[in-house]
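Notes for the structure review
Each chain is listed here by its residues.
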Amino acid sequence: MLASLRRKASRADAAILEALREQCSGFVAEEEEGEEAEEKEGGAGEGDEENIKAKKPTPRTVGASLAAAARAAASLSLRVSDVGAKAAASEALVDDICRDVRALDAAKKNLTRGIAALRRLGMLSAAVDQLEAASGAGDLGEAARLLAAVNELGDHFAPHAAAVPAVRELAARAAALRGSLARAALREFELWPVAEVDGASGRGQPEAPLLARLRDAGALADAAGREARAAALEAVVSKELGVYRQIFYFSPSSSPAAAAAAAAAAGPTASPAPSASMTALERTERRFAWLRRRLRSRSELWAALPRAWRPDRALAAAFGAETARQLAAALSAQAEEAAAAAAAGSGRSGGGSSLSAGLSSQQREQGRVEALLLAVKASNDWEREMADAFGGPRAAGADELDFEAEGGPSVGRRGGRANDDTVSASEARARAEAAARARADAAGDGPSSSSTSAAAAAAAVPFKGMITSVFEPSLSLYVAAEERALAATAAALVRQEPWTLPGAAAAASAAASAGE
């Protein structure tokens, strides 16, 4: 229809142009005849004057020409008006057609969306049914995939859940299944192995079926929502910290006053026995060595969990918090022991015994200072190492870990991240995409988000100052020891100084010889 309208408009335009062309050609022909007559008049002789006068226009011929021109102009005006009316009618017809086309287009879009919505609703219903079957069969891997699909389809129908009973029913069934599957995934993490892995012999390595179940449980907890992910990660970290507490837990066997009394009863000549607090400080480096070994030897277990959880970093952060708490308690107990020992030593009498007690007190204090300095140095090294390996104030913007060839994080290596020039383009692209997904997931709050509150909180904790800050109140002991050492050195130098001017002894000897 539009093509026919265009053809009619083209024919009307051609007719108008043809009429204008004919009218203009008549005027041009009359002008050319006048010019030829003038030329002939200029070249004719006196004998042709009568012919020229006969060909000159008369008022009657001029009037006839003007009347013909007026009739042609009126006819042209009528034709132009007719063409304009037809063009207006054609435009109105085109508007009506376009309006109908837009209405049909909107109807097509609504119909397409309706078909897609019905298809998705059918997919959601089928996915929920399959999810119930997988949950009853205990297939965690299939349940994780189906739950992720249910979450995605449920997000599409979430705005319509209150108005559509079928959607509301499916959402309720999906929520009940999500809760039961989250509890099932959490039960699987109760099987988290805690045995030490021997790197040389491979003894203690988790078996492949266990890794597969943990991988499926991690994917299921990741799809079950934020609370399920946080609970699963918390269970893993608690299992690891349980082993750490069994080995390095600080628990003073007696009160500081009783320990000081026992040291005083042993006598001034007895060598001072290390207290529980002193032992806790002396084993600081062993604590960090345990964590480094744990992170390296259990790389397969970390890889079984979703990488966005960053379980190794969460363990390092929880380890730092627990170590800081235990070292703070040990330093507090040590300060109380020192105060009790000083009070017990001040009550003793006798010159020799006082001197021996003073020497024993100095030995104990020197041992405390040495243990404190070693603990501070080890803690500072560990904080720098963790910040380089997992990101922090010393490695700002490090979203991904630096993995070695065997797949473990670069924990325990001095120097932090590996040279980026050795990373392939595909690996760099994968790291960038994973970092973008982690940043996007950290801002999400729905079941489809792949971050956890516990993992996000652990990633936000800076390692710098996590443990070394607990030593700041106790550094006064080191400052006091340095001040006493400087005072003792100055006193010794004063005693060794002869306090005589150069040449004074020779002058005194010469004066004595002259007197004799």
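Residues numbered from 1 in each chain as written. Predicted model: local features only at pLDDT ≥ 70, side-chain atom pairs only at ≥ 80, totals over all residues. Heavy atoms only, no water.

Some thoughts on the overall build of the chain
For the chain, the count of helices and strands is 17 helices and 0 strands. The proportion of buried residues among the 516 residues of the chain is 31%. Long-range contacts, defined as pairs at least 24 residues apart, comprise 82% of the intrachain contacts of the chain with a sequence gap of at least 6. In the form shown here, the chain has an accessible surface area of approximately 30200 Å², with 58% of it arising from carbon and sulfur atoms. (Helix = DSSP H or I, 4+ residues; strand = E, 2+ residues; numbered from the N terminus. Buried < 20%, exposed > 50% of the residue type's maximum accessible area, 1.4 Å probe, protein only. Contact = heavy atoms within 4.5 Å. Areas by Shrake-Rupley, 256 points an atom, 1.4 Å probe, with all protein chains shown as cover.)

Overview of the side chain of Gln334
Secondary-structure assignment places Gln334 in helix H12 (residues 311-346). For Gln334, the side chain forms a polar contact with the side chain of Arg368, separated by 3.4 Å. In contact with Gln334, not counting residues within four places along its chain, are Ser277, Met278, Leu281 and Arg368. (Polar contact = N/O pair within 3.5 Å; in protein donor to acceptor, adjacent residues only side chain to side chain.)

Let's talk about helix H10 (residues 284-297)
Over its 14 residues, H10 runs 20 Å from end to end, which matches the ideal 20 Å to within 8%, given 1.5 Å per residue. When H10 is considered as a whole, its buried residues turn out to be Thr284, Arg287, Phe288, Trp290, Leu291, Arg292, Arg294, Leu295 and Ser297. (Expected span 1.5 Å × (residues − 1).)

Brief notes about the pattern of salt bridges
In the structure shown here, the tally under the stated rule is 16 salt bridges. Among the salt bridges present, the one from Arg292 reaches Glu285, with a minimum N-O distance of 3.5 Å. The salt bridge partner of Asp381 is Arg384, with a shortest N-O separation of 2.6 Å. With Asp381 and Arg384 both in helix H13 (residues 351-390), this residue pair falls 3 residues apart, about one helical turn. We classify Arg384 as partly exposed; its relative accessible area is 32%. (Salt bridge = Lys/Arg side-chain N within 4 Å of Asp/Glu carboxyl O.)

Considering the packing of aromatic side chains
This model, assessed by the stated rule, comprises 11 aromatic pairs. With centroids separated by 6.1 Å and ring planes inclined at 70°, the aromatic side chains of Phe288 and Phe319 adopt a geometry described as edge-to-face. Here Phe288 is found in helix H10, whereas its partner Phe319 is found in helix H12, with 31 residues between them in sequence. In terms of burial, Phe288 and Phe319 fall into one category: buried. An aromatic cluster of three or more residues is present, and its members are Tyr244, Phe248, Phe288, Trp290, Phe319, Trp382, Phe390 and Phe463. (Phe/Tyr/Trp six-rings, centres within 6.5 Å; stacked < 30°, edge-to-face > 60°.)

Description of the confidence of the model for the chain
Taken over all residues, the pLDDT of the chain has a mean of 73, while the share at 70 or more is 62%. Contacts of residues 349-356 to residues separated by more than four positions or lying in other chains number 5 contacts, the stretch itself having pLDDT below 50. (pLDDT = per-residue confidence, 0-100.)

Re the packing of helix H4 (residues 140-157) against helix H5 (residues 165-188)
H5 packs onto H4 with a crossing angle of 145° between their chain directions and a minimal axis gap of 11 Å. Judged by the twist between their axes, the crossing of H4 over H5 is left-handed. Across from Leu140, Ala143, Leu147, Val150, Asn151 and Phe157 in H4, the residues of H5 making contact are Val167, Ala174, Arg178, Leu181 and Glu188. Of the residues in the contact of H4 with H5, the class split is 8 nonpolar, 1 polar and 2 charged. (Axes fitted to C-alpha atoms, helices over the stretch in contact; angles between N-to-C directions. Left-handed = near helix turned anticlockwise from the far one by under 90°. Nonpolar A, V, L, I, M, F, W, Y, C, P; charged D, E, K, R; others polar.)

A closer look at the nonpolar core
A general trend in soluble globular proteins is that nonpolar side chains are found buried together. Phe189, Leu291, Trp382 and Phe471 are the most contacted members of the largest nonpolar core, which has 72 residues in total. Ranked by residues supplied to this core, first place goes to helix H7 (residues 226-248) with 10 residues. (Core = buried A, V, L, I, M, F, W, Y, C linked by side-chain atoms within 4.5 Å.)

Details of the packing of helix H6 (residues 208-224) against H7
Interhelical geometry of H6 versus H7 gives an angle of 140° and a closest axis separation of 5 Å. Classed by the angle they form, the pair H6 and H7 counts as oblique. Here Ala221, Asp222 and Ala224 of H6 come into contact with H7, specifically with Ala228, Arg229 and Ala232. Tallied by class, the residues present in the contact of H6 with H7 amount to 4 nonpolar, no polar and 2 charged. (Parallel < 35°, antiparallel > 145°, perpendicular 65-115°, else oblique.)

Digging into the side chain of Ser297
For Ser297, the position within the fold is in helix H10. Judged by its relative accessible area of 15%, Ser297 falls in the buried class. Of note is the side chain of Ser297, whose polar atom sits 2.8 Å from the backbone oxygen of Arg293.

Considerations on a nonpolar patch on the surface
Side chains of Leu373, Leu475, Tyr478 and Val479 sit close together on the surface and give an oily, nonpolar patch of about 280 Å² of accessible area. Looking at which element gives the most residues to the nonpolar patch, the answer is helix H16 (residues 475-496), with 3 residues. Among the secondary structure elements, Tyr478 is positioned in helix H16. (Patch = residues over 30% accessible without salt bridge, like charges linked within 9 Å, V, L, I, M, F, W, Y side chains within 5 Å.)

Brief notes about the environment of Met278
Mapped onto the fold, Met278 is located in helix H9 (residues 276-282). Residue class for Met278 comes out buried when judged on its relative accessible area of 10%. Residues Met278 and Arg364, 86 residues apart in the sequence, show an inter-C-alpha distance of 9.8 Å. With near-sequence residues (within four places) excluded, Met278 lies in contact with Gln334, Arg364, Gly367, Arg368 and Ala371.

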